[in-house]
Amino acid sequence: MTPILTARGLTVQYPGSATPALDAVDIDVLPGESVAIMGASGSGKTTLLHTLAGILRPTAGTVTLAAASGPVAVHALDDAGRARLRREELGFVFQQGLLLDELTALENVAVARMLAGVPRHQAEGEAAQWLAHLGLQGMEHRRLGQLSGGQAQRVAIARAQVTGARLIFADEPTGALDSTTGAEVLDLLLAAVAQGRTLVVVTHDPGVAARADRVVTLRDGRVVADERRAARAGGSGGGEAVHRVATVRGGQVEHTTVAAPYDEARR
Amino acid sequence: MNDLRTTFVLARLFARRQGGDRLAAALPLVSFTLVTALLLLVLGGSQVFFRMDGDIAGTYQALAVLALALLVVPLFTLGAAAARLSARRRDERLSSLRLLGATTGTVSLLTVLEAAAVALAGALAGTALYAATAPLVGLLRFAGQPVGSQMWLAWYWLPLVWAAVALAAALSAAVGLRKVVLTPLGVRTRQQPGTARGRRAVVALVVVLAGVAAMAGLGTLGQLGGFLAILVAVAMAFGGGLLALDAVGPWYVRVRARRLHRKATTVPRLLAARTILEDPKAAWRQVAGVSVTTFVGVVAGAGLALVNAAGGEMTGEEAWLFEDIRTGVFVTLVASFLMVACTVAINQAATTIDRGRVLVSLDRLGVPRTVLAEASRRSVMSVLATVVVGSAVVSAVLVLPILGAAILVQPVAVAVVALVFVAGFALVRAGASVAARLVPGILARPERVL
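Residues numbered from 1 in each chain as written. Chains lettered and ligands numbered in written order. Predicted model: local features only at pLDDT ≥ 70, side-chain atom pairs only at ≥ 80, totals over all residues. Heavy atoms only, no water.

### A word on the overall build of chain B
Of regular secondary structure, chain B possesses 14 helices and two strands. Across the 450 residues that make up chain B, the buried fraction comes to 45%. Once local pairs closer than 6 in sequence are excluded, the contacts in chain B between residues at least 24 apart make up 84%. When the accessible area of chain B is evaluated, it comes to approximately 21,900 Å², of which 68% is carbon and sulfur surface. (Helix = DSSP H or I, 4+ residues; strand = E, 2+ residues; numbered from the N terminus. Buried < 20%, exposed > 50% of the residue type's maximum accessible area, 1.4 Å probe, protein only. Contact = heavy atoms within 4.5 Å. Areas by Shrake-Rupley, 256 points an atom, 1.4 Å probe, with all protein chains shown as cover.)

Now the structure itself:
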C-alpha cells in the first residue's frame, strides 16, 4: 500500500539548542490507519507532528504527502504553500484554542469551507450536517463560549472533516477533558478513521494509544519503538485492527459500525 | 513594613520579566507617549488664544473653549484606552500572585506602582514628542500671524501634566484591579455580549425631533425671547443631538453589524461582524469621538460656507476671525481623527496581542494571514463608517436648510470639508493597520503566546 505520508531523515534543530528536537526520523503513515505518537515531555512528539503537518519546516529531511492531486514535497513549500496545504488537505484537532469564541459552532465549521471558496449558504449547510452527525443538533447557533469542552472538541472534529481532508492531525485531543468525555471524543476520531481517514495523534494518554492501530514512541528526538496493534496484542487477532466505531444520538455515543456517507458524497 | 519590602521585590521581578515580552510591555508606554504629546499640543494650542488681547479676543477664547470641549471626548477615550491596556497587561500575572497567597494590599500597591511608572515614562517620552511636533503646529496662522513659539507651554505645566497622566493610569489600574482581587480565579471570564437597547433609540429620536422643531421655530423664538432664547434653543438642540447620538450609537452599531453579519459572504466580513457584535458598546466607544467631530464638521462647515458666500466684503479683524474659525474647524477635525486613529491603533494592537493564541491556531489551520488582517481592519472601519454616516445624517437633518444652501452656493467649501473626512478615514485606517504588522512577529514565535 502506498503511504499517504512519507518522512525521511527528518531533523529539526531549534536555534540555541545543543541537541536536535528531531534526529533523522523516518516514518511512513498508511492511508486509513490511526497512529499514536507517544513519548515523554520534550521527546519531540509535537515537533514531529508539526513537521509532518507542514506547520514547521524541517532543518533537514523530506516530508511527502500523497495528496489527491499527486505527491507534494511538503518540506520544500514556502509559508503560503504550506498554509494552503494545511487548509485544503489536512484536518486538525488540538487540545484547545483552534476555534473562535465569538463565532457560533456552525460558523466555526463553515469558515473552513468558505476559505476554500464555497458560498456561505452551502458551507453552512455542510457544516450543519457534520454537527448533526457528531451529536450537536440544536447547538449550531451557540457561540463557542457557551459549549462545554467536549462539545467544543466535537466542533473541532467537524471542522477537521468538513473540508474532506483525508489526513487528520490531533495534538492531545483529550488532554483537557475528563475521562468519559475524552473517550467519547476519541470514539469520534476513530469513527473518522473507520470512514477511511487517516489519523496521526500525539498523546500522553496510554488509553488513547491502546486504541490506535499503531504506536510510535519517541525518545530524545528518535523513534525508539514502532508497534502495530497485532504485534502489541502478541500476534493474535491476525493483525486485524478492531475499531470501536461511534455514532451519536441525542448526545449519547453508541458503539456500532457506520458507513461513510460524507466521504462518498464529497469525493 | 515587611509587606512593603515584598511589594518592591516583586515589582523589580515584574519589571525584569517584562524584558521577555517587550512587544506587550512597549504598547502601554507608546500609548501614554501619544496621549501626553496630544494633550500638550492641545493645551499649547488653546493657550495661544488665551494670550490674545484686543476686542476680538473674547470671541477667540469662546471658540477655543468650544474646540477644547469637542476634543475632550476623543482625548479621554484615548487616555482610557491606554490605561485599560496597561491594566489588562498585568491582570494575568496578578491573578497568579493572588493564587500564590499575596495579600490584597501587596497586589494593589504593585499594580498602582507599575501603572504609574509606565505612564510616567510614557509622559516623559510624550513631552519629547510634543517638543518635536510643536514647531510644525506653530506654522498655523491665527489672527493674521503664525502661531510660532506661542505653542510652548510654561515649564510648570509639564510636571502637572506628568502627574495627571500618572495619576489617571494609577487610578484606572486600581479600579480595573478590583475584579482581580475579588475573583482570583476568574480574571478573564468572557462576558455576555454587551447589550444595546433599542428603547434608547426612541428617546433619542424624540430628542432629535424636538431639536428640529426648535431649529425650525427659531424665528418665532427670537421674536418672543430675543437672542438669548435663540442661543438656548440652539444649544439645547445640539446638546440634545449629541446626547442622542451617544445614547443611540451602540444600538445603531449593533443593528448595522447584524446586517453585515447576515450579508457576509466572505470570512473576513463574517469575522468582522462577529467581533463587533461581541461588544457593540466598545466598538462604538472606540470611534465615538469622531461622531462629535462629524457633527460639528457638518454644521460648522455648512455655516462657514454660507457666511463666506454672504459676506464677501469682510475686512480686517472680521476677515481674520472668519478665516481663523475655518482653520480652527479643520484643526479640530484633524486632531479628532488623529486621536481616534491612535485609540484604534492601541485597541487593535492590544486585541491582536491578547488574541495571539487564536492567531497562532488559525495560522496552523492554514487560514491566510491576509484574512486575519482584513477581518481586524474591517471590524474598525465598518463601525467608523457607520458612526460618521449616522452622525452626518443627524446633523444634516438638524441644519438641513443651511446645508442645502451651502451645497448650492459654495460647493467647493463643502467639498473641502468632505475631503478632510476622507483624509480622516485614511488616518484611522492606517491606525487599524498597525495591528496587522504585529501578526508576523507573533506567528514567528508561537511559543510566546501558547
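Let us keep going from here.
### Thoughts on the overall build of chain A
Scanning chain A from N- to C-terminus turns up nine helices and twelve strands. Within chain A, the proportion of its 267 residues that are buried is 54%. With the model as given, the accessible surface of chain A reaches about 10,800 Å², and the carbon-plus-sulfur share is 51%.

### A look at the pairing of strand β5 (residues 70-73) of chain A
Working note: regular strand, side chains alternate between the two faces of the sheet. Residues and elements named next belong to chain A. In this structure, strand β4 (residues 60-67) lies alongside β5, joined through four bridges in antiparallel fashion. Among the inter-strand pairings, A66 is bridged to a residue of β5, identified as P71. Connecting β4 to the antiparallel partner β5 that follows it, the hairpin turn spans two residues. (Pairing = 2+ DSSP bridges.)

### Regarding the sheet that holds β5 of chain A
Residue and element names in this part refer to chain A. Strand order in the open sheet formed by four strands is β2-β1-β4-β5, and the pairing between neighbours is antiparallel. In the strand order of this sheet, the two ends are held by β2 (22-29) and β5, each with one partner. Neighbour to neighbour, the strand axes of the sheet diverge by 20° on average, direction disregarded. The strands touched by helix α1 (residues 45-52) within the sheet are β1 (5-12), β2 and β4, with β1 carrying the most contacts at an inclination of about 125°. (Axes fitted to C-alpha atoms, helices over the stretch in contact; angles between N-to-C directions.)

### Overview of the nonpolar core
Judged by nonpolar contacts, the single largest core of 95 residues is most densely connected at L5, L52, L65, F92, V155 and F169 of chain A. With residues near it in sequence (within four places) discarded, V155 of chain A still touches L99, A105, N108, V109, L131, L136, L144 and L147 of chain A. Counting 42 residues, the second largest nonpolar core, distinct from the first, contains F32, L40, V165 and A350 of chain B. (Core = buried A, V, L, I, M, F, W, Y, C linked by side-chain atoms within 4.5 Å.)

### Section: the packing of aromatic side chains
In the structure shown here, the tally under the stated rule is seven aromatic pairs over all chains. Consider the rings of F337 of chain B and F421 of chain B, whose centres lie 5.9 Å apart with planes at 85°: the pair is edge-to-face. Note that F337 of chain B is positioned in helix α10 (residues 316-354) and F421 of chain B in helix α14 (residues 411-444), a separation of 84 residues in sequence. For F421 of chain B, a relative accessible area of 11% gives the class buried. Each residue in the set F92, F94 and F169 of chain A is aromatic and connected to the rest through ring pairs, giving one cluster. (Phe/Tyr/Trp six-rings, centres within 6.5 Å; stacked < 30°, edge-to-face > 60°.)

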